[in-house]
Amino acid sequence: MNDDIDGKHGVQSLEIGMGILRAMVNGQRSMMLKEIAAAADMPASKAHRYLVSLIRAGLVEQDPMSSRYDLGPFAMNIGLVALDRLDRVRLGLAAIAEMRDEINQTTALAVWGDKGPVIVRWERPRRPITVNVITGTVLDLLSSATGRVFAAWMPKKTVAPMIADELKHARLPPELSTRTAVEAMLTEVRTQGFAATGGQHKVPGVEAVAAPVFNFKNEISMAVLVVGVQGMFDTHPDGEVVSSLKRHAEALSVRLGAHGEPKIPT
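A. Structural detail: the confidence of the model for the protein. For the protein, the mean per-residue pLDDT works out to 88, and 92% of the residues sit at or above 70. Taken together, the stretch residues 1-7 has pLDDT below 50 and engages in five contacts with residues farther than four places along the chain or on a different chain.

B. Seen up close, helix α3 (residues 44-56). For α3, which comprises 13 residues, the first-to-last C-alpha distance of 18 Å matches the rise-based estimate of 18 Å (1.5 Å per residue) to within 8%. Those residues of α3 lying buried are Ala47, Tyr50, Leu51 and Leu54. Along the axis of α3, the buried positions cluster into a sector of 110°, meaning they face one direction only. Residues of α3 that are exposed and point over 90 degrees away from its buried face: Arg49 and Arg56. Buried residues along α3 sit in contact with α1 (12-27), α2 (33-40), β1 (60-62) and β2 (69-71). Backbone geometry just after α3 places glycine 58 at a positive phi near 85°.

C. Up close: the sheet that holds strand β6 (residues 206-214). With antiparallel pairing, five strands are arranged side by side in an open sheet as β4-β3-β7-β6-β5. Each edge of the open sheet carries a strand with a single partner, namely β4 (116-123) and β5 (195-198). If you compare each strand with its neighbour and ignore which way they point, the axes differ by 25° on average. This element, helix α9 (residues 240-255), spans β6 and β7 (220-229) of the sheet and lies at about 25° to β6.

Cut-off values and rules
- As a convention, each chain's residues are numbered from 1 in the sequence order in which they are written.
- For a predicted model such as this one, the threshold for reporting local features is a pLDDT of at least 70, and the threshold for listing and counting side-chain atom pairs is 80 or more; totals across whole chains, interfaces and linings nevertheless cover every residue.
- For side-chain calculations, the full set of non-hydrogen atoms in the structure is used, while hydrogens and water are omitted.
- Think of pLDDT as the predictor's per-residue confidence, scored from 0 to 100.
- Any two residues whose heavy atoms approach within 4.5 Å at even a single point are treated as in contact.
- Helix and strand definitions here come from DSSP, where helices need a minimum of 4 consecutive H or I residues and strands a minimum of 2 consecutive E residues; each element is numbered from the N-terminal end.
- In this analysis, the expected span of each helix is defined as 1.5 Å times one less than the number of residues it contains.
- Classification of residues uses two cut-offs on accessible area relative to the type maximum, computed with a 1.4 Å probe and protein chains only: under 20% is buried, over 50% is exposed, and between them is partly exposed.
- Directions are taken from the helix axis to each C-beta atom, and the arc is the one they span.
- Paired strands, as defined in this entry, are two strands with at least two bridges between them according to DSSP.
- Orientation is described by axes fitted as lines to C-alpha atoms, over the contacting stretch for helices, and by angles from 0 to 180 degrees between their N-to-C directions.

Rendered as structure tokens:
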């Protein structure tokens, strides 16, 4: 049977071409022909033939000035599409489960819905007194840690009307009675990289901390949060809970392709 159509054997030439692309990815920079050939463990003449085809396919491009090869526009597009299709919620669920095991507190995952941040899953800790979080709960922007995180990094045109409505109708603490005060709070959230609320997380006597998770566009994709009983919950920036929260949020952001500084909303 022809190897080109035999699913068991695959296509050897394609595998060789992928080996060259892998060598270029691992090189983490543009490379000369001899460097690519050495990394792919093949003669330079053979590597060159494959590179010609990869250039035609848009997977590789060559700088005419330096003669160096780098990944082409189609390769970049493949990577971006793969990141966009990555099951972010599945990865988030694994993260909150690991975080729950690490700090033994209630943890949860929230995404942006049509009415604001919504809880999609929570994990119960192994302790006699716990705080339950209801899946599907929509959180306020200004009175919840999760809402503050989304308000800090979502586009202003999306959250501005909601913030205005809460300033007019919601029961807020005195320090958040004006738009100027809200903007100052959101600036602080961006600076710290997380938000915290005490006794205002939907139910009195509950404290919460939340941190943003960013995607490959450096835009907020979801939020991870920790919820506990007021007075039995450490929300100090250098404490175990916040340190674990930020570490897992940052690791999840990297997994989703985030790089550099988060995009500041406009």
